[in-house]
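# Residue-level structure breakdown
Residues per chain are reported as follows:
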Amino acid sequence: MSANAHTLLEFPKAFPTFGNQFASLGNDFFASVQAQALKSSYLIATNQQLAVELGFDETLLKDDSFRQVFAGERLAPGSQPIAAVYSGHQFGVWAGQLGDGRALLLGDLECKHGNSQVIERFELQLKGAGQTPFSRMGDGRAVLRSSIREYLCSEAMNALGIPTSRALCLIGSDQYAMREQPEKTAIVTRVATSFIRFGSFEHWYYRGEHEQLKQLADFCLIHYFPALQGESNPYQAMLKEIVKRTAEMIAHWQAVGFMHGVMNTDNMSILGLTLDYGPFGFMDGYQPQQICNHSDNQGRYAFHMQPRIGQWNCHALAQAMLPLIGDVDATQEALSVYVPSFEQKHAQLINAKFGLKESHADDDALTSDFLNLMAAEGVDYTNSFRALSRYSQQIGAKNEALRDLFIDRAGLDRWLERYKDRLVAEESNEEERHILMKSRNPKFVLRNYLAQQAIDAAEKKDFSELQRLFEVLQHPYEEQIEAEHYAALPPDWAQTISVSCSS
Ligand code: AMP
Ligand code: MG
């Protein structure tokens, strides 16, 4: 009896069986790897809702087989773990072959959303389950700190309505890895329709292996862009769709004040999902030039650079797809959707943040001037928009929550006069506007200090703060009066938090 058949017998009957769609690409695209389990591991957190959607019923979540599978101790039924190969541009420079150095694809599961009949396949990856042939000098591990940040942020982004990879569960252990100092390790299980990156295409292009390049593109067309297969140039159509999704994803980041931190092409999803959470950050005080990644000395991935870098990355992908598309003009045409897609999505998201339903000629100046007021004093981004959501144009309204955030009250008052005129111009209904704005201006985002509090407690094996924060972030637009303190400005100690590529 094979080891796999043996484990099959011992699993609870209800344990879902994995498929291995990605593996159908063949051996050129990955290496088969077994996970190296962490010593004395324990389940820290499970995302119950996602788990149920993936077919794990509630009794299974309590069964130790669940922990064993996602701790890399046991092979799930059907699972053929693999590490994918890819390459990429890092900080603007061609880096050659990279690949899953600490991620392990277990396979895929069917996912049913709520009561809907729509069934999708989702891939499940362990991050931090040990070395692979692509680990280069790395140990294949992920530290608890960054695993908690990824677990929380994936689900916070999803709840904000931003395309992202998801997180299923978090496994902790008493094993340490060496970083700037010794740190506890963990494994986060992340979930996405696909983890294929821009760098997956670049890999075959730069090796001059166009047969595999075509194979990868055909695989993506069949599984992720089936509607484009009938287009006259399906590869061009696919590039155009990827470019559009990337531009729209970054418009979402800008609107919510999210900084990714490492927008290398190996971290860019071909599905337009926010991927590879590392030294990311949400803006506290608004500073458009903020750099969240302490390893990013040049500020290549500063907040205000993200739209341009997204475009640069799309050019890198287009270069790699050129042999498939076969024509420079057609490739350029696909790339040309980036700017309008970004601008349209961004304007739509920003207008909604200001509660504007119509589009008027001076809107850009009006909204930019509010951001300029914030930037001048570094006023809190999230709280300013949330307070603006409660702005009342009624005579006698004091709007203190908003005015208290600014030192330059006269400047704000002048701006509010213009805002009021603009609202009157579209006969804005105050009650409706408040509802719209509260649904677009989150009260709760994963501020670095909130993540840090959960991490500090978790390092001492207290996971209650992690759980509470996770739940608050599931409903970022709701008032949650009892959770008011999670919307508080960062305390002074938060200024010393430093996040870098080391994770
Ligand atoms: P990242 O900046 O996390 O996206 O990682 C860039 C590349 O380095 C990817 O190929 C990762 O798999 C690899 N990598 C990062 N950290 C480690 C590690 N601790 N062990 C092995 N590979 C790693
Ligand atoms: Mg990466």
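Just so you know, the residues in each chain are numbered from 1, in the order the chain's sequence is written. Chains carry letters from A onward and ligands carry numbers from 1 onward, assigned in written order. Owing to the predicted nature of the model, reporting of local features is limited to residues with pLDDT of at least 70; listing and counting of side-chain atom pairs is limited to 80 or more, with chain, interface and lining totals taken over all residues. Each side-chain value is derived from all of the structure's non-hydrogen atoms; neither hydrogens nor water enter the calculation.

## A word on the coordination of the magnesium ion (ligand 2)
Within the protein, the atoms that donate to the magnesium ion (ligand 2) are Asn267 (OD1) and Asp276 (OD), at distances of 2.0 to 2.1 Å. Across the pair, aspartate 276 and asparagine 267 agree in class, each one buried. Water is not among the atoms examined, so metal sites may look incomplete; donors are the N, O and S atoms within 2.8 Å of the metal, or within 3.2 Å for Na, K and Ca. When accessible area is computed with a 1.4 Å probe and restricted to protein chains, residues below 20% of their type maximum are described as buried, those above 50% as exposed, and intermediate ones as partly exposed.

## Some details on the domain arrangement of the protein chain
Considered domain by domain, the protein chain is made up of domain 1 (3-195), domain 2 (199-349) and domain 3 (356-438). What fixes the domain bounds is an automatic or database domain assignment. One C-alpha centre belongs to domain 1, the other to domain 2; they are set 23 Å apart. If you look at the interface, domain 1 gives 35 residues, while domain 2 gives 38 residues. Joining two parts hides part of their accessible area as seen by a 1.4 Å probe, and the buried area is that hidden amount summed over both. Interface of domain 1 and domain 2: buried area, both sides summed, is about 3,200 Å²; carbon and sulfur atoms make up 63% of it. Area buried by domain 1 at its contact with domain 2 is led by Phe29, His89 and Phe91, which between them contribute 20% of it. Any Lys or Arg side-chain nitrogen found within 4 Å of a carboxyl oxygen on Asp or Glu counts as a salt bridge. At the boundary of domain 1 and domain 2, one finds one salt bridge. Contacts between residues were defined by any pair of non-hydrogen atoms, one from each residue, lying within 4.5 Å.

## A closer look at the packing of helix α5 (residues 144-160) against helix α17 (residues 448-459)
If you want to describe how two helices pack, look at the angle between their axes and the distance between the axes. Running from N to C, α5 and α17 point in directions that differ by 130°, and their axes come no closer than 10 Å. Regarding the angle of α5 to α17, the classification is oblique. α5 and α17 meet at a crossing whose hand is right-handed. Of α17, the residues touching α5 (which contributes Leu144, Arg145, Ile148, Arg149 and Leu152) are Asn448, Ala451, Ala454, Ile455, Ala458 and Glu459. In this count, Pro and Cys sit with the nonpolar residues alongside Ala, Val, Leu, Ile, Met, Phe, Trp and Tyr, while Asp, Glu, Lys and Arg are called charged and the others, Gly among them, polar. For the contact of α5 with α17, the class distribution of residues is seven nonpolar, one polar and three charged. The convention used is that axes are lines fitted to C-alpha atoms, helices contributing only their stretch in contact, and that angles between N-to-C directions extend from 0 to 180 degrees. Put simply, DSSP marks the helices as runs of H or I at least four residues long and the strands as runs of E at least two long, and each gets a number from the N terminus on. With respect to orientation, any angle under 35 degrees is reported as roughly parallel, any angle over 145 as roughly antiparallel, any angle of 65 to 115 as roughly perpendicular, and every other angle as oblique. With the far helix as reference, a near helix turned anticlockwise by less than a right angle produces a left-handed crossing, and one turned clockwise produces a right-handed crossing.

## Remarks on the pattern of salt bridges
This model, assessed by the stated rule, comprises 32 salt bridges. Put simply, aspartate 64 and arginine 67 hold a salt bridge, and the shortest N to O gap is 2.8 Å. In this pair, aspartate 64 and arginine 67 are both assigned in helix α4 (residues 64-70), three residues apart and thus about one turn of the helix distant. Taking relative accessible area as the criterion, aspartate 64 reaches 39% and is therefore assigned partly exposed. Taking relative accessible area as the criterion, arginine 67 reaches 14% and is therefore assigned buried. Two residues, glutamate 248 and lysine 244, come together in a salt bridge whose shortest N-O distance is 3.7 Å. Linking glutamate 248 with lysine 244, this pair stays in helix α8 (residues 234-256), spanning four residues, or about one helical turn. Since its relative accessible area comes to 35%, lysine 244 is described here as partly exposed.

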